Each structure stands twice: as structure tokens, then as C-alpha cells.
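Fold and contact review
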Amino acid sequence: MSLTKLTTSALAIAALSASAAAARDNVQVAGSSTVLPYASIVAEAFGENTDFPTPVIESGGSSAGLKRFCEGVGENTIDVANASRAIREKEIKACAENGVTDIMEVRIGYDGIVFASQISGPAFAAFEPADIFNAIGAKVLKDGAIVDNDYSSWAEFNSDLPDAEIAMFIPGTKHGTREVFEDKVLLKGCEDTGAMQAMLDGGMSEDDAEDACLDVRQDGRSVDIDGDYTETLARIDANTNGIGVFGLAFYENNQDKLKVATMGGVAPSTETIASGDYPVSRPLFFYVKKAHIGVIPGLKEYAQFFISDELAGPSGPLANYGLVSDPQLSDTQKSVNEEATMGSGS
């Protein structure tokens with residue numbers, strides 16, 4: 001689309017609504033630290049290969065990005081929110097209350113969550129969800145009773161693990177990674193250890209038992225990381241016994257510093273995530289304000305560029321950086337071309 005047509009569209013939309021976005025000269029993006037490296041690669045290539053300015057990409061976490069996205073429509077609000085989880089109903093409601101009613105959901109592919117430690121540290125090689133739950137759950141099952149977690153070493157509950165102090169650095173609650181970590185690791189571990197059933201047998205409701213399973217200890221052995229993966233890496237650099245939770249791509253680009261453990265007996269890789277064999281994986285998204293298309297120069301073109309075969313396909317640079325290409329990428333391309341919004345089908 002030419003810049004002349006974009007300007008014409010801007011004037012038309014501005015005439016229709018005083019709250020419509022004014023023509024800003026670049027696309028503004030914020031959100032998931034997991035999606036950040038992919039978006040940065042795309043933004044740089046977009047600036048180099050099109051007539052549009054390079055988009056501005058910020059991190060901050062999925063929840064933080066979606067909160068900014070839902071603040072309203074206009075040139076003082078971001079155009080795109082990156083997310084390592086699907087947008088929640090309460091976020092869609094918050095968007096609507098602020099006039100963000102037409103949202104395009106774009107799935108870019110898949111990623112895996114990995115458990116990595118210092119390359120020269122203890123021999124952490126294989127984890128099960130039960131191990132992670134026993135390490136950092138607020139309450140665990142010991143001798144048939146639910147008690148406050150006082151484990152200090154991994155070997156206390158699994159003799160196959162190193163006799164090393166428990167020190168886990170996990171994504172904070174504003175990160176999309178946290179939700180997947182809770183659902184596919186903590187909750188599964190709680191079930192596998194029998195702790196959930198013991199809570200139910202003790203009279204807790206199912207909802208309360210699930211909430212208890214997701215609670216993590218507050219004695220310093222589990223530390224929430226609100227920054228991006230570079231902060232987690234710094235914590236592990238400073239702690240020989242540290243275990244960090246990372247996206248696959250970040251680990252693959254830091255293999256000189258980190259070693260990764262299997263989960264459920266499966267090593268994380270592009271192949272095992274694509275096949276569904278690796279148990280801790282999730283889809284990655286970005287969300288676009290349709291009201292900004294035709295107003296912010298290059299917004300739709302950026303979305304199309306991001307999910308093109310050349311960028312997001314199995315042989316593209318994003319795959320080389322760890323993104324697992326979406327088998328339904330062509331459907332996503334069609335949806336973006338048609339500017340389909342959530343719940344509308346068009």
C-alpha cells in the first residue's frame with residue numbers, strides 16, 4: 001500500500017472518529033519477552049526491506065503489553081501486543097471498555113519452556129513435573145500429609161537429582177510464560193505427587209486445591225523474575241545451583257552458558273515441540289488493533305511480513321532462532337490479509 005493511500009485512509013478515519021489513531025510514522029509494539037527476539041528480527045528486516053520505518057519493539061511481559069494495548073485507540077497507544085499466551089477474557093473486556101473493540105489475533109508459531117542451569121554447575125539433566133512441584137510448591141505431600149514445604153535439596157525427594165540447594169528462578173506473574181509453567185508443570189506435578197488428591201480428600205474444593213497447587217514457597221528458594229530472560233540468566237550466572245525457566249530460543253542462543261534438562265524424559269528441541277512430544281510448549285501470538293490499520297503506516301504490512309513464509313516458515317530465520325513454525329500458517333496469513341478480528345470470522 002502506498003503512503004498516499006495511507007494518508008487518505010488516515011484522514012477518512014479521523015473524520016469518522018475523534019478517538020481514532022492519528023498518523024504516526026512507525027509501528028509501536030510491546031509485550032512478551034519470549035516473542036521479543038522474533039519481533040526484533042522481523043522489525044529489523046522490515047525496516048531494511050520495505051519503505052516503512054523500523055518498528056519500535058519493547059518488552060515488559062505479555063500481561064504488561066496487553067494492558068498497554070487495551071489502554072485505548074490513538075497515536076499515543078501501541079499498535080501491537082506480543083504475547084506468549086492467548087489474550088484473556090478480562091483483557092478483552094478491558095480493551096472494549098477503552099474503545100479497543102476490533103482485535104486481530106495472530107499466531108506466529110510455537111515455543112517450548114525449558115529448564116536450564118549453569119553449564120558448569122550440578123548435573124541437573126532430567127526433571128519431571130513432580131520434581132519442580134516438590135522443589136517450589138508452597139505445600140507438598142510428605143508422609144501422607146499436606147505440609148509446608150521445607151525441602152532444601154533436590155536429592156531429598158528424588159535421589160536421582162543432585163544433592164544441591166534448591167534455587168529456582170521462575171517467570172513473574174505478568175509473564176505469559178508463568179501461566180504455561182503453572183498449568184503444565186506445577187499443576188501436573190501437584191497431581192503426580194498425589195498432593196492434589198490429598199487436598200481434595202482433606203475437604204478442599206477443586207478450585208481451592210488447584211489454587212493451592214499453584215502457590216509457590218516464599219522462603220527465597222523460588223524467586224519470581226519480573227524482567228526478561230537476561231535477568232534470569234544473570235541470576236544463574238551468580239548462583240551455581242540456580243535453575244531458570246527460559247524459552248527455547250533464548251536457551252539455544254546461550255548454550256555457551258547454559259545446559260538444559262529433559263522434562264518427562266524428552267529433550268526440548270524444535271523437532272520435539274513440533275511433534276508434540278515435549279510436554280511444556282505453547283503457541284505464541286501478537287495482537288493488532290484493526291482501528292490503527294490504514295492509519296499507522298506499515299501496520300498491516302508489518303503483520304503480513306511477520307507471518308510470511310520467508311520469515312515464519314520452517315526454513316525462515318525465525319525457525320533458525322528457535323520458533324517452531326505453525327502447520328496452519330497459511331490460515332493465519334489469510335486471516336491477516338482479510339483483517340479478520342476475534343469472534344467475527346471476518
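The structure we're discussing is the one just above.
Residues numbered from 1 in each chain as written. Predicted model: local features only at pLDDT ≥ 70, side-chain atom pairs only at ≥ 80, totals over all residues. Heavy atoms only, no water.

**Some thoughts on the overall build of the protein chain**
For the protein chain, the count of helices and strands is 15 helices and 13 strands. For 346 residues, the compact-globule estimate of 2.2 N^0.38 gives 20 Å, and the protein chain sits close to it at 22 Å. Dimensions along the principal axes, computed over C-alpha positions, put the protein chain at roughly 70 × 45 × 35 Å. Looking at the protein chain as a whole, 52% of its 346 residues qualify as buried. Across the protein chain, the fraction of contacts at a sequence separation of at least 24, relative to all contacts at a separation of at least 6, is 74%. Just so you have it, the protein chain exposes about 14,700 Å², and 47% of that area is on carbon and sulfur atoms. Charged side chains in the protein chain number 25 positive and 52 negative. The centres of these two groups are separated by 4 Å. (Helix = DSSP H or I, 4+ residues; strand = E, 2+ residues; numbered from the N terminus. Rg over C-alpha atoms; globule rule 2.2 N^0.38 Å. Buried < 20%, exposed > 50% of the residue type's maximum accessible area, 1.4 Å probe, protein only. Contact = heavy atoms within 4.5 Å. Areas by Shrake-Rupley, 256 points an atom, 1.4 Å probe, with all protein chains shown as cover. Lys, Arg positive; Asp, Glu negative; His and termini not counted. Charge placed at Lys NZ, Arg CZ, Asp CG, Glu CD.)

**Remarks on the pattern of salt bridges**
In total, this model carries 16 salt bridges according to the counting rule given. With its nearest N and O atoms 2.5 Å apart, the salt bridge here joins Lys139 to Asp148. The exposure class of Lys139 is partly exposed, given its relative accessible area of 38%. Of the charged contacts in the structure, one is a salt bridge between Glu231 and Arg235, with a shortest N-O distance of 3.9 Å. Of this pair, Glu231 and Arg235 both sit in helix α9 (residues 229-237), 4 residues apart, which is roughly one turn of that helix. The class of Arg235 is partly exposed, set by a relative accessible area of 34%. (Salt bridge = Lys/Arg side-chain N within 4 Å of Asp/Glu carboxyl O.)

**A look at the state of the cysteines**
Considering all chains together, one arrives at 2 disulfides under this definition. Each disulfide pairs two cysteine sulfurs, and for Cys70 the partner residue is Cys95, the sulfurs being separated by 1.9 Å. With the S-S dihedral at roughly -75°, the linkage between Cys70 and Cys95 falls on the left-handed side. Within this pair, whereas Cys70 is found in the loop between α3 (62-69) and β3 (80-83), its partner Cys95 is found in helix α4 (residues 89-97), the two being separated by 25 residues in sequence. When its relative accessible area of 4% is taken as the criterion, Cys70 is described as buried. Each sulfur of the disulfide joining Cys190 and Cys213 lies 2.0 Å from the other. Between Cys190 and Cys213, the disulfide has an S-S torsion of -50° and is therefore left-handed. With a gap of 23 residues between them, Cys190 in helix α6 (residues 176-193) and Cys213 in helix α8 (residues 206-214) connect regions that are remote in the sequence. Take Cys190 and Cys213: they sit in the same class, and that class is buried. (Disulfide = S-S within 2.5 Å.)

**Remarks on a negative patch on the surface**
On the surface, Glu191, Glu206, Asp207, Asp208, Asp211 and Asp215 cluster together into a negatively charged patch. Ranked by residue count, the leading element in the negative patch is α8, at 4 residues. What makes Asp211 partly exposed here is its relative accessible area of 49%. (Patch = residues over 30% accessible without salt bridge, like charges linked within 9 Å, V, L, I, M, F, W, Y side chains within 5 Å.)

**Observations regarding the pairing of strand β7 (residues 145-148)**
Sheet topology note: the strand β6 (residues 139-142)/β7 ladder contains 4 bridges and is antiparallel. Its bridge partner lying in β7, Leu141 is registered against Ile146. (Pairing = 2+ DSSP bridges.)

**Re unusual backbone geometry**
Despite not being glycine, Asp143 shows a phi value in the positive range, around 55°. Mapped onto the elements, Asp143 comes out in the loop between β6 and β7. Exposure remark for Asp143: the relative accessible area of 84% places this residue in the exposed category.

**So, the side chain of Asp131**
Within the secondary structure, Asp131 is located in helix α5 (residues 129-136). As a buried residue without a salt bridge, Asp131 has its nearest oppositely charged side chain in Lys188, at a separation of 11 Å. Among the polar contacts made by the side chain of Asp131, one reaches the side chain of Asn158 at a distance of 3.0 Å. In this structure Asp131 touches Ala126, Trp154, Phe157, Asn158 and Leu161, once residues within four positions along its chain are discounted. (Polar contact = N/O pair within 3.5 Å; in protein donor to acceptor, adjacent residues only side chain to side chain.)

**Here we look at empty space enclosed by the protein**
In total, this model carries 1 cavity of 30 Å³ or more according to the counting rule given. Put simply, the largest cavity is a space of about 60 Å³. What lines the largest cavity is simply Ser33, Ile170, Pro171, His175, Thr177, Ile225, Gly227, Asp228, Tyr229, Thr232 and Val245. Mapped onto the lining of the largest cavity, the elements with two or more residues apiece are β8 (168-171) and α9. Classifying every residue of the lining of the largest cavity by side-chain character gives 5 nonpolar, 5 polar and 1 charged. (1 Å grid on protein atoms, 1.4 Å probe; cavity = no way out; pocket = protein on both sides within 12 Å on 5 of 7 lines; lining within 4 Å. Points joined across faces, edges and corners; volume = space filled by probe spheres on them. Nonpolar A, V, L, I, M, F, W, Y, C, P; charged D, E, K, R; others polar.)

Purely geometric numbers; function is a separate question.
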